[in-house]
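Structural overview for review
The lines below spell out each chain.
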Amino acid sequence: MDARVVEELRAILGHSGVLAERARRVTYESDGLAFARHVPELVILPRDTRETAAAMRILHTHGIPIVPRGAGTGLSGGATPVAGGVVIGTARMRDVLEIDAENRCARVQAGVVNVDLTHAAAEHGLFYAPDPSSQKACTIGGNVGENSGGPHCFRYGSTTRHVLGLVIVLPDGEVLDLSRPAVDAQGYDLVGLFVGSEGLFGIATEITVALLPVPPVTVTMLALFRDLDAACDAVSDLIAARLEPSAIEILDELTIEAVESSVLAAGYPKGVKAVMLVEAEGSEAEVAATVDAIEPLLVARGAFDVRRARDEAERARLWAGRKGAYGAMGRVAPDLYVCDAVVPRTKLRELVRQTIAICHARGLRIANVFHAGDGNLHPNIPYDRRNAEELRRVLEAGDEILKACIAAGGSLTGEHGVGLEKIGAMEWMFTGPDLDAQCRVRDAWDPLRRMNPGKLLPVHACRETRTRDPRGGTR
Amino acid sequence: MSTATVVAPRSIEEAAEAVRHAARERAVVLATGGNTKRTWTKPAARVDIELSTRRLSGVVVYEPGDGVITALAGTPWAELEALVARNGHHLSPAIPAPSNVTVGGVVAAGQSGMDRLRFGPLRDHVLGLRVVMADGTTAKTGGRLVKNVTGFDLQRLHTGAHGTLGLVAEVSLRLHAAPGLRAVGLAFHPTRESALEMARAVTRLSRAAWAVLVTDFTRDSESKWMVNALLGGGTAVVESEVSSLQAALPALPWIVARPGTRDEAQVPLTWNASFGNEYPGGWRTVRITCKPTALNRTLFALDRSGIETRIAANPALGIVDASIRPLDRGVVERISADLARVGARVHWRGLEDELRARVDLFGPDEPAGIALMRRIRANLDPNGLWATGRLAGGL
Ligand SMILES: Cc1cc2nc3c(=O)[nH]c(=O)nc-3n(C[C@H](O)[C@H](O)[C@H](O)COP(=O)(O)OP(=O)(O)OC[C@H]3O[C@@H](n4cnc5c(N)ncnc54)[C@H](O)[C@@H]3O)c2cc1C
């Protein structure tokens, strides 16, 4: 990186805000998509909106690409550095700025860790609903970038439903203050548009989110199945019966084994083929009604044991097993390819079967652990990245799985985003005109295409479409 | 406007063809549904062609087991509502929907419903769209899935854009469980303060509330302020909430809509909260929004204007529909300015064409981010095909 640029940035961010030494930059070479790596030329860590804006003005002047980064737990390469670019991390933007209990909202800096917000809200009897399994590490800014989900998004919806306002620094350093909470957007809904933009529109520095009252009663149920098909069918039945628990999660046999042999052992019995975690929240009457309606449906589909967590400790343990499932897979293989796809909820069994067949046909193992209630599959494939041939088979299986899901009316990603990983697959799902509209909107935010280049939008799709104009006008 | 040619395509392809034709002719196009939200925007500066979704009607996919419905834009809202109700589903927003309210129009207008407290705003239910773009192509965004983050959320951009970025041609919506039981609580208060206090208590205590409103539609001074609360949900849930609310707030009696009883008919799923649309006499409505905790301040600002109003306030959400008469430009601008000073936002609805052309329907201030909104518009519609000058900031 040009020494002058580094000096200009140091003048604003101080020494600790500019990481120029290679040893410190290496940590940023990838996000959770382990096989895509590039040591960034420079990493900067501004402390607030003002510093972010000043730094981005400098980068704009020099025409340098920018990759926003939260905690780097993303699984699609959204925060993978790009050659010749600067990574802007939010690690020093960790303040919860305000909790407005009366209006049930909070204003936080983008680098606040998801679970820290939940803890801060708990003092007021409130909680922040989106709960990715990575919530102990991932940031609210990263959640906004990906429009992240989590088990409880079945009931409460993904991040976008909970974001009320944003302060955004645009690629040229201009500050866009959309933080005044509005019941409905005036003009266009820029806040809603920004959520899930994967770092291509700008950097969110402050985020206003909605908080919800902690439900008075929570019951967590564990249902055991002798086969995975039955568990999937049970979920389809729950959806068809229009029941509204707050979470419906499934873990398959390989995942259960991994969890049970790890420190996170949750008491999921080994030897069962699938466990389902169902949680019901609300008033006493609401929870009782939900649980009473759910149990017979599960039993009818072959659940041979339906247990309820007896106390908070058991509840926490059941969830720790689910949320630690990815980590636990480390015992099975050094790397894990975490697939993320969505299917209509009437087709769960069919598609889960297909994912298994696709992996087995390539001599790969598969661990399915997923947000079943939303139709959000996570067919995870253990592998060893040092084995190039195996990695090739893994990626091939991943592609086949996505194609099968799309063919069934599903989608490429339910929560992990497109990033670098699925950019090639965008054209399996979208036509030229679909992508053209997306490119045009991106160009309104970032006309020079300096934000997170090479992510989410296939480049040629954008170039092609810029020449098409029915009136023959040039743009 | 009156000289515009009306074109009513029967398919998305025909709609796209009509747009391509208009583009070649350099005509300005206004996308319309049932025209029921015409007065929610300023009149367009120029319209050559009115592209109506009137005949673009019908359900495309409805898989009851999946809880999602996809319909063409011109499908009457009431028809969808009735269809999904037969399968135990509730279609949000709950809105009064005469036969000319279309699904595309509801989405384009960003209309939220009486059930917003329970189910959230409309934007949370729009899962995917098919939109005819200004170049005559058709662009899909989102999908028919309850969870999906593939590509930018352009459906959020089109929801509430009143067709200024494209013709919403097909809509996929998330469905909810229809309530097994409903109950309505009604109480009358001599003062606004005590009514608001009761309404806030209901929202604090309830998890099944669909709506809790405070209105002053009656003129009897002893009972001028009415609290109107609607609960919905599973039978056991509503029964138990009614009894706990009765214990906590004895002055609020409930009617429970037990199926097959006379009470069932007395509890509607939705009702028209805006006085202006229901009563004769030239009432016009302004929707005022503010932080819930700023509601009192907002209502005082309205009082100070000295204009006769009838209000329907939703204190938990910070929404007030105020009906006002008679209106001229001076009154509209004065009220808008008074409310802007206390940090509230306005959206005038129902003004006569002539007045609508002369006043700012969205208050004195331009929305934050207007420059970016203009760039988005310019990029999606570089040649100005869609009728303009209708939304905040002249979009
Ligand atoms: C073990 C594990 C479990 C996981 N479980 C879940 C899960 O249940 N649900 C789920 O949805 N995801 C899950 N994830 C994925 C990941 O945690 C989420 O995508 C998370 O939101 C990323 O947050 P982050 O702070 O790490 O962001 P990063 O990975 O650093 O960045 C994510 C994206 O957002 C952009 N970005 C970051 N900050 C900003 C900002 N301030 N402004 C604009 N753009 C920004 C980046 O450029 C990038 O494109 C999991 C990951 C792991 C490793």
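If you're wondering where the values come from, they're calculated on a predicted model, not measured in any experiment.

Another aspect to go through is the overall build of chain B. Scanning chain B from N- to C-terminus turns up 13 helices and 18 strands. Over its C-alpha atoms chain B spans a radius of gyration of 22 Å, differing by no more than 12% from the 21 Å that the globule rule assigns to 395 residues. By its C-alpha atoms, chain B is 65 × 55 × 35 Å across when sized along the principal axes. In chain B, which comprises 395 residues, the share counted as buried stands at 62%. Intrachain contacts of chain B at a sequence separation of at least 6 include 69% that bridge at least 24 residues. Working note: accessible area of chain B is about 14500 Å², and carbon and sulfur atoms make up 51% of it. Where the 47 positive side-chain charges of chain B centre and where its 38 negative ones centre are 3 Å apart.

On to the pattern of salt bridges, then. All told, the structure shown has 57 salt bridges over all chains when counted by the stated rule. Across the pair Glu 308 of chain B and Arg 310 of chain B runs a salt bridge whose closest N-O atoms are separated by 3.6 Å. The network of salt bridges with common partners includes Arg 362, Glu 389, Arg 392, Arg 393 and Glu 396 of chain A.

Moving on, we come to the interface of chain A and chain B. Interface size is commonly expressed as the accessible surface area that is lost when the partners come together. Across the boundary between the two partners, chain A contributes 85 residues, which contact 75 residues of chain B. Summed over both sides, the interface of chain A with chain B buries roughly 6800 Å², with 54% coming from carbon and sulfur. Between the two partners, chain A and chain B, sit 8 salt bridges. With its nearest N and O atoms 3.3 Å apart, the salt bridge here joins Arg 123 of chain B to Asp 184 of chain A. For the interface between chain A and chain B, the tally reads 26 residue pairs in polar contact (both at pLDDT 80 or more). Of all the elements in the fold, those that place two or more residues in the side of chain A that touches chain B are α6 (153-156), β9 (175-178), α7 (190-194), α8 (228-240), β14 (274-282), α10 (284-300), α15 (426-429) and α16 (432-445) of chain A.

Thresholds applied
Residues numbered from 1 in each chain as written. Chains lettered and ligands numbered in written order. Predicted model: local features only at pLDDT ≥ 70, side-chain atom pairs only at ≥ 80, totals over all residues. Heavy atoms only, no water. Helix = DSSP H or I, 4+ residues; strand = E, 2+ residues; numbered from the N terminus. Rg over C-alpha atoms; globule rule 2.2 N^0.38 Å. Buried < 20%, exposed > 50% of the residue type's maximum accessible area, 1.4 Å probe, protein only. Contact = heavy atoms within 4.5 Å. Areas by Shrake-Rupley, 256 points an atom, 1.4 Å probe, with all protein chains shown as cover. Lys, Arg positive; Asp, Glu negative; His and termini not counted. Charge placed at Lys NZ, Arg CZ, Asp CG, Glu CD. Salt bridge = Lys/Arg side-chain N within 4 Å of Asp/Glu carboxyl O. Buried area = accessible area lost by both parts, 1.4 Å probe. Polar contact = N/O pair within 3.5 Å; in protein donor to acceptor, adjacent residues only side chain to side chain.

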